[in-house]
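Coordinates in review
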Amino acid sequence: TSAFRSFETSQTAYQLWDFKSDHYCVEIWDNYLELRFSTAFAYGELMKRYTARSGRMQPLPEWASGTILGVQGGKEKVEQVLNAALKAGNPVTAIWIQDWVGRRLTGFGSQLWWRWLPDETAYPNFRAWVQQLRARGVRVLGYINPFLADEGPIFAEAKAKGYLVRKRDGEPYKIQTAGFPAYLVDLSNAEARTFLKNIIRNNLIGNGLAGYMADFGEWLPWDAQLASGESAAHWHNRYPVEWARLNREAIREAGLEREVVFFTRAGFAGSAEHSTLFWLGDQMVSFDEYDGLASAVTGLLTGGISGITLNHSDIGGYTTINNPVKNYHRSRELFLRWAEFAVFTPFFRTHEGNRP
């Protein structure tokens, strides 16, 4: 607060914190209240005390200091864009190809196949190609989240072995995401955790990826049934922490800690200890303070107060909307201003958005 006081809780139940009025209001939907507070003469000291308890982030690897070029559309297009950028003098140290798993077109725009296997049609001999780029000094980053689309061998195995979050009647919980339905892996299940961790180790890190977006984490339904028998409402805020922990464990077990980077968007108390990097989610392609460029600045600052020291945003924003009332399309001016802002963040990564 502006009075140099800090408050925290380790409870994971739904909460509301209101420091706007002349008194502080903390509401936690649980049958007990657990709070810790500190006072100091400087914000830095408050954050130091908090992160000593909640965990601190580690420095990024040296290769992460250049341009992380977000591009997709298949091997031929990616190489054309990459080569043009390098020829122009852009210090590209990595390319981020989120469609390494393949793309699908939905009403929302260009989205991905959530099956966590390389798309060998768009990217032939994927692993060898990643190694070739690495030899040129360009690393490759990919994408994953804890969902599974309802097709493919990985989904079939997860469903057969009971690794998916379930409804109260015991059936897998079909969740309608933006564009298509999918199923969430149950991270309260130790075997399901190992299953998903092996996918990351074998299909992402094993194919030579030097990093990836570890998307989502905030979608656990409150009325779900978990293998552990715990309340899904209490697990909702814990889920993103466990998702980050799982990714960090996969990297550590592969012997590549401080070399492979993953970036998460969802989190809770303790996430900073496990995440290697954060990003600010899906902003609109606009300048506004509610969900545009200005909101990214606000998110960066407020996240920092909570110990999220390594954070960044999609350069240019993400969400493009075609609407009869008002269109939201990215302008050249917005992209350039966003790039200027991103220079002062730890990770300089572009994004083509949902409608490239």
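Our structure is the block above this text.
Only a predicted model underlies this, so the values are computations on that prediction, with no experimental measurement involved.

A tally of regular secondary structure across the protein chain gives 10 helices and 17 strands. Taken over C-alpha atoms, the radius of gyration comes to 21 Å for the protein chain, in line with the 21 Å a tight globule of 356 residues would show. The burial tally for the protein chain puts 50% of its 356 residues in the buried class. A fraction of 69% describes how many contacts in the protein chain between residues 6 or more apart in sequence connect residues 24 or more apart.

Spatial strand order, E10-E12-E11: 3 strands in an open sheet with antiparallel pairing. The sheet terminates laterally at strand E10 (147–149) and strand E11 (174–176), the two strands that pair on one side only. When the angles between neighbouring strand axes are averaged without regard to direction, this sheet yields 45°. Inspection of the sheet shows E10 paired to strand E12 (residues 181–184) by 3 bridges, in the antiparallel sense. Looking across to E12, one finds that Phe-147 is bridged to Leu-184.

To continue, consider the pairing of strand E3 (residues 25–28). Remember that side chains alternate between the two faces of the sheet whenever the strand is regular. As paired elements, strand E2 (residues 15–18) and E3 share 4 bridges and run antiparallel to each other. The residue bridging Gln-15 from the neighbouring strand is Ile-28, located in E3. As consecutive antiparallel partners, E2 and E3 are separated by 6 residues.

Attention now goes to the nonpolar core. Generally speaking, a soluble globular protein has its nonpolar side chains buried in company with each other. Counting 81 residues, the largest nonpolar core has Ile-95, Ile-97, Trp-114, Trp-116, Tyr-212 and Leu-220 as its most contacted members. Not counting the four nearest positions on each side in its chain, Ile-97 is found in contact with Val-71, Val-78, Tyr-123, Phe-126, Trp-129, Val-140, Leu-141 and Gly-142. Within the second largest apolar cluster, 10 residues are counted, among which are Leu-280, Val-285, Leu-293 and Ile-315.

The final tally for this structure, using the stated rule, is 27 aromatic pairs. Ring geometry for Tyr-14 and Trp-29: centres 4.7 Å apart, planes at 65°, overall edge-to-face. Placement of the pair is Tyr-14 in the loop between strand E1 (5–8) and E2 and Trp-29 in the loop between E3 and strand E4 (36–39), with a sequence separation of 15 residues. Between Tyr-123 and Phe-126, the ring centres sit 6.2 Å apart and the planes meet at 75°, which makes this aromatic pair edge-to-face. Tyr-123 gets classed as buried once you look at its relative accessible area, which sits at 0%. By the ring-pair criterion, three or more aromatic residues cluster together here, those being Phe-7, Trp-17, Phe-19, Tyr-24 and Phe-37. The ring of Phe-216 has Arg-265 lying over it, and the distance from NZ or CZ to the ring centre is 4.4 Å. Here the basic side chain of Arg-349 rests over the ring of Trp-96, its NZ or CZ set 4.7 Å away from the ring centre.

Viewed as axis vectors pointing N to C, helix H9 (residues 293–305) and helix H10 (residues 332–342) meet at an angle of 15°, and their least axial separation amounts to 11 Å. One way to sum up the angle between H9 and H10 is to call them roughly parallel. Crossing handedness for the pair H9 and H10: right-handed. Only Leu-334, Arg-337, Trp-338 and Phe-341 of H10 make contact with H9, whose side of the interface consists of Leu-293, Ala-296, Val-297 and Leu-300.

Relative to the helices and strands, Asp-119 is located in the loop between strand E8 (109–112) and helix H3 (126–135). Those residues in contact with Asp-119 that sit more than four places away from it in its chain are Trp-100, Val-101 and Gly-102.

For the rest of this paragraph, the subject is helix H7 (residues 239–253). Over its 15 residues, H7 extends 21 Å from the first C-alpha to the last, a length consistent with the 21 Å expected when each residue adds 1.5 Å. For H7, the tally of buried residues reaches 12 of 15 residues, placing the bulk of the element in the interior. Two residues or fewer after H7 comes Gly-255, characterised by a positive phi angle close to 75°.

A separate point is the pairing of E1. Residue alternation in E1 divides its side chains into a buried set, Ser-6 and Glu-8, and an unburied set, Arg-5 and Phe-7. As defined by bridge partners, E1 adjoins E4 across 4 bridges and the pair is classed as antiparallel. When the sheet's bridge partners are listed, Arg-5 is paired in E4 with Thr-39.

What follows concerns the environment of Phe-41. If you trace the backbone, Phe-41 turns up in the loop between E4 and helix H1 (43–54). In sequence terms Phe-41 and Arg-5 are 36 residues apart; their C-alpha atoms lie 9.0 Å from each other.

What counts, and where the lines are drawn
Residues numbered from 1 in each chain as written. Predicted model: local features only at pLDDT ≥ 70, side-chain atom pairs only at ≥ 80, totals over all residues. Heavy atoms only, no water. Helix = DSSP H or I, 4+ residues; strand = E, 2+ residues; numbered from the N terminus. Rg over C-alpha atoms; globule rule 2.2 N^0.38 Å. Buried < 20%, exposed > 50% of the residue type's maximum accessible area, 1.4 Å probe, protein only. Contact = heavy atoms within 4.5 Å. Pairing = 2+ DSSP bridges. Axes fitted to C-alpha atoms, helices over the stretch in contact; angles between N-to-C directions. Core = buried A, V, L, I, M, F, W, Y, C linked by side-chain atoms within 4.5 Å. Phe/Tyr/Trp six-rings, centres within 6.5 Å; stacked < 30°, edge-to-face > 60°. Lys NZ or Arg CZ within 6 Å of the ring centre and 35° of its normal. Parallel < 35°, antiparallel > 145°, perpendicular 65-115°, else oblique. Left-handed = near helix turned anticlockwise from the far one by under 90°. Expected span 1.5 Å × (residues − 1).

Honestly, it's all geometry; don't read function into it.
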